[in-house]
Amino acid sequence: MSLILMAAWLSCYVDAGVAALLFEYGALPKGCITDAGTIYILQIMGVVMALALIPLSLRGFKKMVDKLDGKDYPEMKIYRIYMTCSMLRIGAFFIVIVFGIILYYLINDTIGLYVAAIGAICSLFALPTKGAIEEEIGYYE
């Protein structure tokens, strides 16, 4: 379980790196959005996504996992619920990090890097290690 979650977690960084490389080596055009209104809307979207998805993925995940603690579900059901919640949490970080990198290159403004950096730092709190999984659901497969 931790290998699947770790691979998904690492894919956030790998995909952000691939996107950066595509922009840096000219496969995708840098700074192609120049309209002030569009830039403003994209900046607001990036900040709002970070402000909405990061607390939801950290605190919302914790609440979902805490609800599993008092239930007498079979181990496979707990495993499925935990995996689903973990993948949704990692997906939220993926959206924030990759969108931040793409935003940086599309509008040539550092706000995209700020969004990506905030997402990357917060994703460290969701690192799916064996110890974290044992602590959150009480056992490890």
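Everything that follows concerns the structure shown earlier in this document.
Residues numbered from 1 in each chain as written. Predicted model: local features only at pLDDT ≥ 70, side-chain atom pairs only at ≥ 80, totals over all residues. Heavy atoms only, no water.

Engineer: Mind laying out the overall build of the protein, listing which residues take part and the relevant values?
Structural biologist: Scanning the protein for helices and strands turns up five helices and zero strands. Each of the 141 residues in the protein was classed as buried or not, and the buried ones make up 38%. Sequence-distant contacts in the protein: of pairs separated by 6 or more residues, those separated by 24 or more amount to 77%. (Helix = DSSP H or I, 4+ residues; strand = E, 2+ residues; numbered from the N terminus. Buried < 20%, exposed > 50% of the residue type's maximum accessible area, 1.4 Å probe, protein only. Contact = heavy atoms within 4.5 Å.)

Engineer: Provide a residue-level description of the packing of helix H1 (residues 2-24) against helix H3 (residues 75-107), including the pertinent values.
Structural biologist: Look at H1 against H3: their axes get within 9 Å of each other, and the N-to-C directions meet at 15 degrees. With respect to H3, the element H1 is oriented roughly parallel. Every pair of crossing elements has a handedness; the one defined by H1 and H3 is right-handed. Tallied by class, the residues present in the contact of H1 with H3 amount to 23 nonpolar, two polar and two charged. (Axes fitted to C-alpha atoms, helices over the stretch in contact; angles between N-to-C directions. Parallel < 35°, antiparallel > 145°, perpendicular 65-115°, else oblique. Left-handed = near helix turned anticlockwise from the far one by under 90°. Nonpolar A, V, L, I, M, F, W, Y, C, P; charged D, E, K, R; others polar.)

Engineer: Before we move on, could you go through the nonpolar core and cite the residues and values that matter?
Structural biologist: Counting 32 residues, the largest nonpolar core has Tyr82 and Ile101 as the members making the most contacts within it. Elements with a minimum of two residues in this core: H1, helix H2 (36-69), H3, helix H4 (111-123) and helix H5 (130-137). It is H3 that contributes the most residues to this core, twelve residues altogether. Counting residues in hydrophobic clusters, the runner-up holds six residues, among them Ile33, Ile39, Phe99 and Ile107. (Core = buried A, V, L, I, M, F, W, Y, C linked by side-chain atoms within 4.5 Å.)

Engineer: Please provide a residue-by-residue account of H3, values included.
Structural biologist: Spanning 33 residues, H3 covers 47 Å between terminal C-alpha atoms, matching the ideal 48 Å at 1.5 Å per step. Note on H3: the residue one or two positions beyond its end, asparagine 108, has a positive phi of about 55 degrees. (Expected span 1.5 Å × (residues − 1).)

Engineer: Can you lay out the packing of aromatic side chains for me, pointing to particular residues and giving the numbers?
Structural biologist: Any aromatic ring pair is given by two values, namely how distant the centres are and how the planes are angled relative to each other. Under the counting rule described, the total for this entry stands at four aromatic pairs. Between tyrosine 104 and tyrosine 105, the ring centres sit 4.9 Å apart and the planes meet at 70 degrees, which makes this aromatic pair edge-to-face. Take tyrosine 104: its relative accessible area is 24%, and that puts it in the partly exposed class. Clustering of aromatic rings is evident, with ring pairs tying together Phe23, Tyr104 and Tyr105. Geometry around phenylalanine 61 places arginine 89 over its ring, the cationic atom sitting 3.6 Å from the centre. (Phe/Tyr/Trp six-rings, centres within 6.5 Å; stacked < 30°, edge-to-face > 60°. Lys NZ or Arg CZ within 6 Å of the ring centre and 35° of its normal.)

Engineer: Now, about a nonpolar patch on the surface: what can you tell me, with residues and values included?
Structural biologist: Taken together, the side chains of Leu10, Val14, Val18, Leu22 and Leu28 present a nonpolar region at the surface, about 380 Å² in accessible area. According to the relative accessible area criterion, valine 18 is partly exposed, its value standing at 42%. (Patch = residues over 30% accessible without salt bridge, like charges linked within 9 Å, V, L, I, M, F, W, Y side chains within 5 Å. Areas by Shrake-Rupley, 256 points an atom, 1.4 Å probe, with all protein chains shown as cover. Salt bridge = Lys/Arg side-chain N within 4 Å of Asp/Glu carboxyl O.)

Engineer: If you had to explain empty space enclosed by the protein to someone new, which residues and values would you point to?
Structural biologist: All told, the structure shown has one cavity of 30 Å³ or more when counted by the stated rule. When its volume is computed, the largest cavity comes out at roughly 50 Å³. Around the largest cavity, the lining residues are Leu5, Tyr82, Ser86, Arg89, Ile90, Ala126, Leu127, Pro128, Ala132 and Glu136. In terms of residues, the lining of the largest cavity owes the most to one element, H3, which gives four residues. Of the residues belonging to the lining of the largest cavity, the class tally is seven nonpolar, one polar and two charged. (1 Å grid on protein atoms, 1.4 Å probe; cavity = no way out; pocket = protein on both sides within 12 Å on 5 of 7 lines; lining within 4 Å. Points joined across faces, edges and corners; volume = space filled by probe spheres on them.)

Scope: geometric values only; no functional claims are made or implied.
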